[in-house]
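Structure assessment
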Amino acid sequence: MLIENVRIAFASMAANKLRTFLTMLGIIIGIAAVITIMTVGNSITRQNEKDMSVFGVNTMNVYMWFREDAQNEEVTVPGDMIPKFTQDMMTKMVNHFRDEIEAVSVTVWLDDGRATLPDGDEEKQYANVSVQGANPGYFTVNKATNPIIEGRAFSKDSLGKDDYDCVVSDRLVKNLFDGDAKKALGKKINIRTNKLDNAYTIVGVYKDALSSMNGMGDPTVSEKDVTTAVMVPFQNAVSLSEDPNASTLQNFDVSAKAGTDVMSFSTDLQSYLQSLLPEDSQYEINVYTNQEMIEETRKTLQQLTLAVTAIGAIALLVGGIGVMNIMTVSITERTREIGTRKALGAPRRAIRGQFITEAVIMSITGGLIGTVLGVLAGFVACHVIKMPMYVSLQSILVSFLFSFGIGVFFGFYPANKASKMDPIDALRYDS
Amino acid sequence: MDRIIHLEQIVKKFYIGTENELNALDGIDLDVTRGEFTSIVGESGSGKSTLMNIIGLLERPTSGKYEMLGVDVEKMKDDDLARARSRQVGFVFQTYNLIPRMSAIKNVEVPLLYAGMPQAERTERAEVLLEMVGMKDRMRHQPDELSGGQKQRVAIARAMANDPAVILADEPTGALDSKTSRMIMDLFHQLHEEQGKTLLLITHSQMLAEETGRILTLIDGKIVGERRGNHAH
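Per chain, residues are indexed from 1 in the order of the written sequence. Written order decides the labels, with chains lettered from A and ligands numbered from 1. Restriction of local features to residues with pLDDT of at least 70 applies here, the model being predicted, together with a cutoff of 80 or more for giving and counting side-chain atom pairs; totals for whole chains, interfaces and linings are based on all residues. Excluding hydrogens and water, the side-chain figures rest on all heavy atoms present in the structure.

Check the secondary structure of chain A and you find 14 helices and 11 strands. Of all intrachain contacts in chain A linking residues separated by at least 6 positions in sequence, the fraction that spans at least 24 positions is 80%. For chain A, the computed accessible surface area is about 21,600 Å², with 59% contributed by carbon and sulfur atoms. Helix numbers and strand numbers start at the N terminus; a helix is a DSSP run of H or I with at least 4 residues, a strand a run of E with at least 2. Contacts: residue pairs with any heavy atoms within 4.5 Å of one another. All accessible areas in this document rest on Shrake-Rupley with a 1.4 Å probe, and a residue is counted as covered only by the protein chains that are shown.

Below, the discussion takes up the overall build of chain B. A tally of helices and strands in chain B yields seven helices and 10 strands. Looking at chain B as a whole, 55% of its 233 residues are labelled buried. Sequence separation of at least 24 residues holds for 68% of the intrachain contacts in chain B that already meet a minimum separation of 6. When the accessible surface of chain B is totalled, it reaches about 10,300 Å², and 47% of it is carbon and sulfur. The cut-offs for exposure are 20% and 50% of the maximum accessible area for each residue type, with area from a 1.4 Å probe on protein chains only; residues under the lower value are buried, those over the upper are exposed, and the others partly exposed.

Next up on the list: empty space enclosed by the protein. Two kinds of site are reported from a 1 Å grid over the protein atoms alone, namely cavities, where a 1.4 Å probe fits but cannot get out, and pockets, open sets with protein on both sides within 12 Å along at least five of seven lines, and residues are called lining when an atom falls within 4 Å of a point. Grid points are joined across faces, edges and corners, and a volume is the space filled by probe spheres set on the points. The tally for this structure, following the rule as stated, stands at three cavities of 30 Å³ or more. By volume, the largest cavity is sized at about 60 Å³. Lining the largest cavity are A:Ala343, A:Leu344, B:Arg85, B:Ser86, B:Val89, B:Phe91, B:Pro111, B:Arg158, B:Ala159, B:Ala161, B:Asn162 and B:Pro164. Residue polarity is assigned by list, with Asp, Glu, Lys and Arg as charged and Ala, Val, Leu, Ile, Met, Phe, Trp, Tyr, Cys and Pro as nonpolar; anything else, Gly included, falls into the polar class. Grouping the constituent residues of the lining of the largest cavity by class yields eight nonpolar, two polar and two charged. Approximately 40 Å³ is the volume attributed to the second largest cavity. Every residue along the wall of the second largest cavity is listed here: A:Ile8, A:Ala11, A:Ser12, A:Arg334, A:Glu337, B:Ile99, B:Pro100, B:Arg101 and B:Met102. A total of three residues in the lining of the second largest cavity trace back to one element, the largest contributor, which is helix α1 (residues 2-15) of chain A. A per-class count over the lining of the second largest cavity returns five nonpolar, one polar and three charged.

Shown next as structure tokens:
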């Protein structure tokens, strides 16, 4: 009986192709909208989670900036006005939170440059580098992103401005030392940055987990030309910088010890640092955790998903009414068929079942088309925002059940009406 | 039990309680026994279609007693009537009433479907029936690819599907030319003589009625005459 009903449903849909398609359009649009947004949302969430695991869950970024309400219309801020963490504040912070803070990372960036071998062919063997001054704490805070895989971080007695030690990435090792990290240790390289040429000794090699991501977005940069960071001692970098405020500490990173509640610690840290500033200070402290950022994106996504789902739901509702409408028309057109079927012994439930099946088949077909279009649109969207796509199987299942439900719900009334038709009237009906 | 149909003082009124109240049937007494080929003759408006609808279990009489195969129809629920229609009654309509967009064989399968027969058996049975009416070579055709006579032959095969107790034919040749009409009537005679089918032919044509075994004349909802036809046993 069911197979027969499905066959009849397809035959009658095929007999009125345009009408069927127009009827399904509401459902197609509704389902496609929901699937698209769910696919994109799912992909962004997954990517975020992936990023979170790369960046580490226990790190946070601490910023000092002007308060939002501070009147400051000048575009350039004079040097003495730049918000900065003083040495005193840093010491107090480390003492106050000695049970929570694992390490503090301070950095300074120099201009991008190029690293070469002292006796090599500069045209053939080089690595594009960004030079970053870092304290030893940097390597602890970033152990998830940039773990040291060979050698060591800077030693305590070589942090001065004349200490030309460096920690390079596996990418640089690949470019200059054929990937042999052990061989690279102790070697000297020339780094040209800020028009200065300096020879540095490699003391460690770290794994550059992010440089593979940098290269992803830009097809014009070849694998070899991808810029990778070289770490030099903080004071050394400051001394080479052209920026007179290079040593000014406006932001730094902190990693929390294992077992610390990162969210509540970040709140405590923020209010403590704020309390170190005078009450009428025009600066404010902000502490961001990765979790917070992910949470924020997630919330935004959730709202977006909700909005699109609401639109999708309206489209589905309208689509469902369309199905109901067309089923009513179809049943009127097929009054004689219904009369004949009744004369041939069809009980009420058989007639009802036939037309509900037809409504369900119509809305499921619409749902399937919508799903395919939604996945395609999601694929295009993910491609545009350069993210690997994760199709949400859950959303496909939900949309399938939803279109099934629409068919049953909006098909029931017309089908029931058909099943209650008087066979005599139905047989006499002139179409 | 040889009495298939037993009608006693059957009355059917329409528009009850209004000014237009109409006695379509006004006290019909009728017995049909197994193997009879009976015709009911009447002008349009005589109530013959109403009578057929009541006999065919498509509607219930306003009053009177109707027993089909010894069962009181009044006591049957709507779905019981539907079941009885699928098994005991075969309809042949003037307008064929084949279901569009379904092949001849699928049309013949419909009563078998409602009687709960599995697909394989349905196909087998429908093929036998279509062969019987000479339509096997066109069984995959859609109704709109068939001529009037061919459609009616498919409809007769469909009426025979569940080997019903009675075949009700309402003006079965009303839309056909005389040559095709002859073919359809011959088919009825074949069913009657070779398979011993009980047939009830409703027509306004005296000429066709003469071919049957028993002729009932219906005027204004009453049976006013009964005589033997040329085909009487």
